[in-house]
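# Survey of secondary and tertiary structure
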Amino acid sequence: MSSVHVSTTINGDAVEYVCPVDETLLDSLRDRVGLTGAKEGCGTGDCGACSVSLDGQLVCSCLVLGVEAEGREVNTVEGMVQDGELHVLQSKFIEHAALQCGICTPGFLVAANALLERNPNPTVEEIRYGLAGNLCRCTGYDKIVRAVMDAGKEMRKKNKSKGKKR
Amino acid sequence: MRYEAPKSMKEAVGLMAKAKGNARVLAGGTDLLVQMKSGMVEPDLIVDIKHIPATQEISKNGKGFKVGAAVSGARLRDHAGLNKAWPGVVEATNLIGSDQVQGRCTMSGNLCNASPAADSVPALVAAKAKAIVVGPKGKRTVPVEKIPTGPGQTSLKKGEIIEAITLPASSAKTGDAYLRFTPRTEMDIAVCSAGICLTIGARGVIKQARVAIGAVAPTVVLAPKAARAIVGTKLDDAALEKLAKEVEKVCAPIDDKRGTIEFRTEVAGVLAKRAAKIAYARAGGK
Ligand SMILES: Cc1cc2nc3c(=O)[nH]c(=O)nc-3n(C[C@H](O)[C@H](O)[C@H](O)COP(=O)(O)OP(=O)(O)OC[C@H]3O[C@@H](n4cnc5c(N)ncnc54)[C@H](O)[C@@H]3O)c2cc1C
Ligand code: FES
Ligand code: FES
């Protein structure tokens, strides 16, 4: 299998790696770049544990080739922490105990973040549909949905006060 | 395996035409990568078409819409003009997988993967969509129903690539709809499905209709007799019953763990009736 050189941007940083052409972006992120936040649950697009955003679009990194990241922008769960502070979603997941084993959590965080960006004030139903591509075998989803509802509320408050300041 | 990301259709077609061994087009990869991982396909060459500008465009002119072959479901979801003109096509495409899958999947990939249960295909067939196919011998335009020839099989010849899918101009008097049956509400494969497009005339009488049924035969089937059952009517109960009966007649499904022959056949008729009502309301019929 031939290898290719890839130049890309990950969480705002310029990154280069060399990977076999048939390697998935998930494996490139984990094994070449050392970002192990995205997890492999199924490898077939069903569980969402590998969720990342690619040029602002939520995708399963297990169904993207590592070479496809060339010249594009990838954002992973590692990029959610800003200046050493947890993202609101991360804090709310802890507060609501929205995780147990935690393997699904990075995927849920990335997907929930994409959901709230598109729809800052979702209903419970919209959250359940929006996160249908993320599976969790531990929590029974209820606490995850509550954490996302609460994070949405907090983020709307923050945005409002930011708007006032300006 | 080699990976190429050409910047023009000409280059892409050249690569596909010259390739020795198994060459595959890569659009969203939501079928192709799954198949590569399971060993079902082992390509020697992958041609990623996403860097070709024509495949990324959504354009509109007097004849209707042109949707590039690499346009994802998420982009269709966010396109106001397409949602207004072809809500059934957009809804059908948006049923594919999760938000993650929507970020990548394409209508052209759904069509070329040639699954009888492909969700966007019955809606596209009902809408009279056409595929713009580019190959070593030039361009041709093909009705979408002529692309899949059986499960996993298409009529595309060596070197041929779909550049875009066209949808005709839609009027306020035209409505389309797609419905599928799945045991779960999300992330499931259609047990059977129905896509309907109809146009009404004065006083709400249906002038034209197209009915396409999914997952009941090796390919999506167009059912002209079912369409005729509702043309000339205002979609009264008798017309709806006749529509369901004609739909049942074109069903030749398989029996498997997801649905029996009897179940698929009956439910296809029910879905057709319900989709017809939605399409009729969207066309402004009362
Ligand atoms: C978790 C999950 C859930 C899914 N759920 C659904 C569902 O509910 N309903 C459904 O219908 N499908 C579903 N699918 C299947 C898949 O997502 C769709 O068929 C999708 O539309 C494929 O599009 P793509 O762009 O990703 O295709 P790709 O994987 O890129 O390509 C599919 C095939 O078509 C060929 N091809 C692609 N584009 C072209 C072109 N322009 N010209 C010529 N050949 C081309 C490729 O070579 C390949 O053989 C699901 C898949 C996953 C992983
Ligand atoms: S590992 Fe990618 S969806 Fe499960
Ligand atoms: S916390 Fe264990 S799978 Fe979700």
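Residues numbered from 1 in each chain as written. Chains lettered and ligands numbered in written order. Predicted model: local features only at pLDDT ≥ 70, side-chain atom pairs only at ≥ 80, totals over all residues. Heavy atoms only, no water.

## Here we look at the interface of chain B and chain A
Taken together, the 23 residues of chain B in the interface contact 31 residues of chain A. Carbon and sulfur atoms make up 60% of the area that chain B and chain A hide from each other, which totals about 2200 Å². Of all residues in chain B, Met1, Lys37 and Gln100 of chain B give up the largest surface area on contact with chain A, accounting jointly for 30% of the area buried on that side. On the surface where chain B and chain A come into contact, there are three salt bridges. A salt bridge links Glu68 of chain A to Arg104 of chain B, with the shortest nitrogen-to-oxygen separation between them at 2.8 Å. On inspection of chain B and its partner chain A, the count reaches nine residue pairs in polar contact (both at pLDDT 80 or more). Secondary-structure elements contributing two or more residues to the side of chain B that touches chain A are α2 (32-37), β3 (45-48), α4 (73-77) and α7 (99-102) of chain B. Here the side of chain B that touches chain A is built from residues that sort into nine nonpolar, seven polar and seven charged. (Contact = heavy atoms within 4.5 Å. Buried area = accessible area lost by both parts, 1.4 Å probe. Salt bridge = Lys/Arg side-chain N within 4 Å of Asp/Glu carboxyl O. Polar contact = N/O pair within 3.5 Å; in protein donor to acceptor, adjacent residues only side chain to side chain. Helix = DSSP H or I, 4+ residues; strand = E, 2+ residues; numbered from the N terminus. Nonpolar A, V, L, I, M, F, W, Y, C, P; charged D, E, K, R; others polar.)

## Considering the domain arrangement of chain B
Residue and element names in this part refer to chain B. Assigned domains of chain B: these are domain 1 (52-168) and domain 2 (174-282). Here the C-alpha centre of domain 2 lies 20 Å away from the C-alpha centre of domain 1. Between domain 1 and domain 2, the residue contacts involve 24 residues of the former and 23 residues of the latter. Between domain 1 and domain 2, a total of about 1900 Å² is buried, with carbon and sulfur atoms accounting for 62% of that surface. Considering only the surface of domain 1 that becomes buried against domain 2, Pro116, Pro122 and Ala126 emerge as the three largest contributors, covering 27% of it. (Domains from an automatic or database assignment.)

## A closer look at the site of ligand 1
Lining the immediate surroundings of ligand 1 are 34 residues, of which Val25, Thr30, Asp31, Thr106 and Asp119 of chain B lie closest. Each of chains A and B places residues next to ligand 1. One of the side-chain nitrogen or oxygen atoms of Asp31 of chain B is found 2.5 Å away from an oxygen atom of ligand 1. If ligand 1 stood free it would expose 980 Å²; the protein chains cover 92% of that surface. Sorting the residues of the shell around ligand 1 by element identifies β2 (23-26), α8 (107-113) and β10 (161-168) of chain B as the ones contributing at least two each. (Near = heavy atom within 4 Å. Areas by Shrake-Rupley, 256 points an atom, 1.4 Å probe, with all protein chains shown as cover.)

## Thoughts on the nonpolar core
Residue and element names in this part refer to chain B. Membership of the largest hydrophobic core comes to 51 residues, with the highest contact counts inside it found for Leu82, Trp86, Val89, Leu124, Ile162 and Leu167. When residues of this core are assigned to domains, at least three fall in each of domain 1 (52-168) and domain 2 (174-282). Those residues in contact with Val89 that sit more than four places away from it in its chain are Met107, Ala123, Leu124, Ala127, Leu167 and Asp176. Cys192, Ala239, Ala275 and Ala283 belong to the second-largest nonpolar core, a separate cluster that totals 32 residues. (Core = buried A, V, L, I, M, F, W, Y, C linked by side-chain atoms within 4.5 Å. Buried < 20%, exposed > 50% of the residue type's maximum accessible area, 1.4 Å probe, protein only.)

## Concerning the domain arrangement of chain A
All names here are of chain A. Taken domain by domain, chain A holds domain 1 (3-80) and domain 2 (88-165). Distance from the C-alpha centre of domain 1 to the C-alpha centre of domain 2: 22 Å. Facing the 13 residues of domain 1 at the interface are 13 residues of domain 2. Roughly 1000 Å² of surface becomes buried between domain 1 and domain 2 when both sides are summed, with 69% attributable to carbon and sulfur atoms. Three residues, Leu58, Val77 and Met80, lead the burial of domain 1 against domain 2; their summed loss comes to 45% of the area buried on that side. Our enumeration of links across domain 1 and domain 2 arrives at zero salt bridges. On inspection of domain 1 and its partner domain 2, the count reaches three residue pairs in polar contact (both at pLDDT 80 or more). A total of three residues in the side of domain 1 that touches domain 2 trace back to one element, the largest contributor, which is strand β3 (residues 51-54). For the side of domain 1 that touches domain 2, the per-class residue count stands at six nonpolar, five polar and two charged.

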